[in-house]
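A look at the structure
Spelled out from the first residue to the last, the chains are:
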Amino acid sequence: MSSLSLVGNTREGIPVVLLKEGTSDTRGRDALRNNIEAAKIIASMLKSVLGPRGMDKMLVDSTGNVTITNDGATILKEMDVQHPAAKMMVEIAKAVDDEVGDGTTSSVIIAGALLEKAEELIKQGIHPTIIVDGYRKAMRQSVDIMNKIAEDVKVDDHVALKNVARTSMESKIVSVDSDVLSDLAVKAILAVVEKPGHIETQKDNYFMPVDLDNVKVQKKPGGAMRDSSIIEGIIVDKEIAHPGMPRVIKDAKILLINSPLEIEKTEFEAKIMIDRPEQMKMFLEEESTMIRTMVEKIARTGANIIICQKGIDDLALGYMAKANISALKRVKESDIAALEKATGARAVTNLDDLSPKDLGFAQLVEERKVETDKWVFVEKCKDPKAVSILIRGGSERVVDEAERSMHDALMVVKDVVEKPAVVAGGGSPETYVAQKLRAWATSVSGREHYAILAFADALESIPIALAENAGMDVIDTLAAIRSRQLSENNPRIGVDVKELKIADMSKIHIIEPLRVKEQVLKSATETAAMLLRIDDILSASRTGAGQ
Ligand code: ADP
Ligand code: MG
């Protein structure tokens, strides 16, 4: 790598500095080799976490905080990756996670394998552009094959949805409790899906959107995972602000306020000149009158509970308690937003234009004890399409990991509801697609042919990693899967990593959303393609370097 400023010449021969001084330039094969190396390192790190028999990683951040996880996306997020190509690998994981919520580790492993195979092809003299074209063709063909072997699911088929959720949790630390958690995930998604009920099962013809913003996940260490529950409504992690206020509010009329319920303090330092004791009294009385007027204004709307994003003056709390109005203060903005949606309230900023129309409704608002805290549960709201999952568990680490796993579970159930088709897991679809691709490759002439074969090999890195992590013989296992898939004409034969044998994965209920598998193929291919097309890395110097 050289550190220089690149100088070009205009037609008239005037030199033009193209790059800032100190910019380093890595070109051609070096750039590519360098990128591939970095991407491979990331992929190889993640290989060992894939699947239920994958190992966990312990991540320690700069402040000494420890996270123990098996979640590919989390591992990459916490790693402080510097190399630009490695960063791109981290990006795919993030993209896949955002898009479908699962399959992050797989996409990184496949992208790494695609690059590794590409490296061999490049050594044999095949140009990266040809490889990219071949990979893209192979990807489209793979998506087609996946669609052909996918099976339709009825969107209200709780058992199938639960299996999908459970499969996503198989590889997590909390998998022993996957039964409880997957049940909650399915209930939550079905509660918020638009138009549940009569459903057609044609794969692409319709769309039942699920807005995950309607599902809030709260966690609280303590108790056992099976004490986790689903609440039809919203949990606010604040207690009712005054001891004299009602703790249970039936037929709640809810007023949401964005601004502080306090007498405004001036921004400048203000002095009040008081020279007689009566003046002090007057001043205090004036303040108290203003606060009373404020509370009266609120009471006139008919509200019986005030939920405020900012602080509330103690005096105001006292008046509210007297008026039998309950209040919550310093509630998170996101909670206010969720409450607006769920209760139909419109959060107000200016008390001068309060109207009963701003109120929201819920059948029950109740303060309950959760461990040592008191939280407020807003239930049976006007819009029932808002649910909360309360995760309990032995320790903070456990509920943290359960929360991450719940995210995956909710996402995969959403995936299937939105695109109701599944494929079997355990490396079965990847092996099957690889076999079909190899057969199809014979119809593709020229050098792309080799890229397609390489793509097929790269897909098999999934069953290979699963078998390897389970301590199974990789070569024997893969050979056995291939031959049984063909002889039984059954694309669902994969690695049963629990029983250490090969099996029909759908018979043991290991199924995954078609959408996840499609996304994994697309993202892995695109990332590999992007890296393969780079032949020049221009990097600006870090501050101070290059002088
Ligand atoms: P990813 O981030 O790619 O989802 P995971 O660590 O969650 O990575 O592993 C997912 C892989 O594990 C999938 O290929 C899935 O089919 C497979 N898998 C899950 N449960 C089992 C099981 N019981 N037996 C074999 N494979 C399984
Ligand atoms: Mg997973």
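Residues numbered from 1 in each chain as written. Chains lettered and ligands numbered in written order. Predicted model: local features only at pLDDT ≥ 70, side-chain atom pairs only at ≥ 80, totals over all residues. Heavy atoms only, no water.

**With respect to the sheet that holds strand β15 (residues 373-381)**
Through backbone hydrogen bonds, the strands of a sheet pair up, either in parallel or in antiparallel fashion. One open sheet accounts for 6 strands, arranged β10-β15-β14-β11-β12-β13; its pairing is mixed. The outermost strands of the open sheet, each flanked by one partner alone, are β10 (233-236) and β13 (326-328). The sheet shows a mean angle of 35 degrees between the axes of neighbouring strands, direction not considered. The pairing of strand β12 (residues 305-308) with β13 spans 3 bridges and is classified as parallel. Along β13, the bridge assignment pairs isoleucine 305 with serine 326. The sheet strands contacting helix α10 (residues 333-343) are β10, β11 (248-257), β12, β14 (360-370) and β15, and the helix crosses β10 at an angle near 155 degrees. (Pairing = 2+ DSSP bridges. Helix = DSSP H or I, 4+ residues; strand = E, 2+ residues; numbered from the N terminus. Axes fitted to C-alpha atoms, helices over the stretch in contact; angles between N-to-C directions. Contact = heavy atoms within 4.5 Å.)

**Regarding the side chain of glutamine 218**
Relative to the assigned elements, glutamine 218 resides in strand β8 (residues 215-221). Residue classification places glutamine 218 among the buried positions, given a relative accessible area of 10%. There is a polar contact of 3.1 Å between the side chain of glutamine 218 and the backbone oxygen of isoleucine 235. When sequence neighbours within four positions are dropped, the list of residues in contact with glutamine 218 reads Ile235, Asp237, Trp375, Ile389, Leu390 and Ile391. (Buried < 20%, exposed > 50% of the residue type's maximum accessible area, 1.4 Å probe, protein only. Polar contact = N/O pair within 3.5 Å; in protein donor to acceptor, adjacent residues only side chain to side chain.)

**Some points on the sheet that holds strand β20 (residues 511-513)**
Spatial ordering of the open sheet is given by β7-β17-β20, a layout of 3 strands whose pairing is antiparallel. The open sheet has two free edges, formed respectively by β7 (151-152) and β20, since each of these has just one partner strand. With 2 bridges joining them, β7 and strand β17 (residues 421-424) adopt antiparallel strand pairing. Residue pairing across strands places aspartate 152 opposite alanine 421, the latter belonging to β17. Across the sheet, helix α16 (residues 514-532) is in contact with β17 and β20; its angle to β20 comes to roughly 65 degrees.

**Here we look at the site of ligand 1**
Around ligand 1 lies a shell of 21 residues, among which Ser106, Glu170, Ser171, Gly426 and Glu512 are the nearest. Serine 106 places a side-chain nitrogen or oxygen 2.5 Å from an oxygen atom of ligand 1. Here glutamate 512 contributes a side-chain N or O atom positioned 2.6 Å from an oxygen atom of ligand 1. Summarising the interface, the protein chains cover 97% of the accessible area of ligand 1, which totals 570 Å² for the free molecule. With 3 residues, helix α4 (residues 104-123) is the largest single contributor of residues to the shell around ligand 1. The residue inventory of the shell around ligand 1, partitioned by class, reads 8 nonpolar, 9 polar and 4 charged. (Near = heavy atom within 4 Å. Areas by Shrake-Rupley, 256 points an atom, 1.4 Å probe, with all protein chains shown as cover. Nonpolar A, V, L, I, M, F, W, Y, C, P; charged D, E, K, R; others polar.)

**Brief notes about the confidence of the model for the protein chain**
Confidence in the prediction for the protein chain averages 88 pLDDT; 88% of positions are at 70 or higher. Under a pLDDT of 50 for its full length, residues 1-7 has, in the predicted model, 22 contacts with residues more than four places off or in other chains. Taken together, the stretch residues 201-205 has pLDDT below 50 and engages in 10 contacts with residues farther than four places along the chain or on a different chain. (pLDDT = per-residue confidence, 0-100.)

**Some points on the nonpolar core**
Ranked by size, the top nonpolar core spans 112 residues in total, and within it Val108, Ile131, Tyr135, Val417 and Leu532 carry the most contacts. Counting residues in hydrophobic clusters, the runner-up holds 47 residues, among them Val236, Ala252, Ile325 and Ile336. (Core = buried A, V, L, I, M, F, W, Y, C linked by side-chain atoms within 4.5 Å.)

**Notes on the pairing of β14**
Strand direction decides the pairing type here: β11 and β14, joined by 6 bridges, are antiparallel. Bridging from a neighbouring strand, valine 248 pairs with glutamate 366 of β14. Relative to β15, β14 is paired through 8 bridges, and the arrangement is antiparallel. Along β15, the bridge assignment pairs valine 370 with aspartate 373. The turn linking β14 back onto β15 is made up of 2 residues, and glutamate 371 within it adopts a positive phi angle of 55 degrees.

**Regarding the environment of glutamate 340**
Here glutamate 340 shows up in helix α10. Here glutamate 340 falls in the partly exposed class, since its relative accessible area comes to 31%. Residues within four places of glutamate 340 in sequence aside, it is in contact with Leu256, Ala345, Arg346 and Ala347. A polar contact of 2.9 Å, which involves the side chain of glutamate 340, links it to the backbone nitrogen of alanine 347.

**Description of the side chain of glutamate 379**
On the secondary structure map, glutamate 379 appears in strand β15. The contact partners of glutamate 379, leaving out residues within four places of it in the chain, are Ile231, Glu232, Gly233, Ala362, Gln363, Leu364 and Arg368.

**Notes on the pattern of salt bridges**
Summed over all chains, the structure comprises 36 salt bridges. The salt bridge partner of glutamate 151 is arginine 492, with a shortest N-O separation of 3.3 Å. Linking glutamate 151 in strand β7 with arginine 492 in the loop between α15 (474-487) and β18 (493-496), this pair joins segments that are 341 residues apart in sequence. Looking at arginine 492, the relative accessible area reads 25%, which means it is partly exposed. Among the ionic pairs, aspartate 352 bridges to lysine 297, the shortest N-O distance being 3.1 Å. (Salt bridge = Lys/Arg side-chain N within 4 Å of Asp/Glu carboxyl O.)

**Examining the pairing of strand β16 (residues 387-393)**
Burial runs high along β16: 7 of the 7 residues are buried. Judged by which residues are buried, β16 turns out to be covered on both faces: Val387, Ile389, Ile391 and Gly393 on one side and Ser388, Leu390 and Arg392 on the other are all buried. Sheet analysis places β8 next to β16, joined by 7 bridges and oriented parallel. Pairing of lysine 219 across the sheet is with isoleucine 391, part of β16. Here strand β9 (residues 229-231) pairs with β16 via 3 bridges, running antiparallel. Its bridge partner being in β16, isoleucine 230 is matched across the sheet by isoleucine 389.

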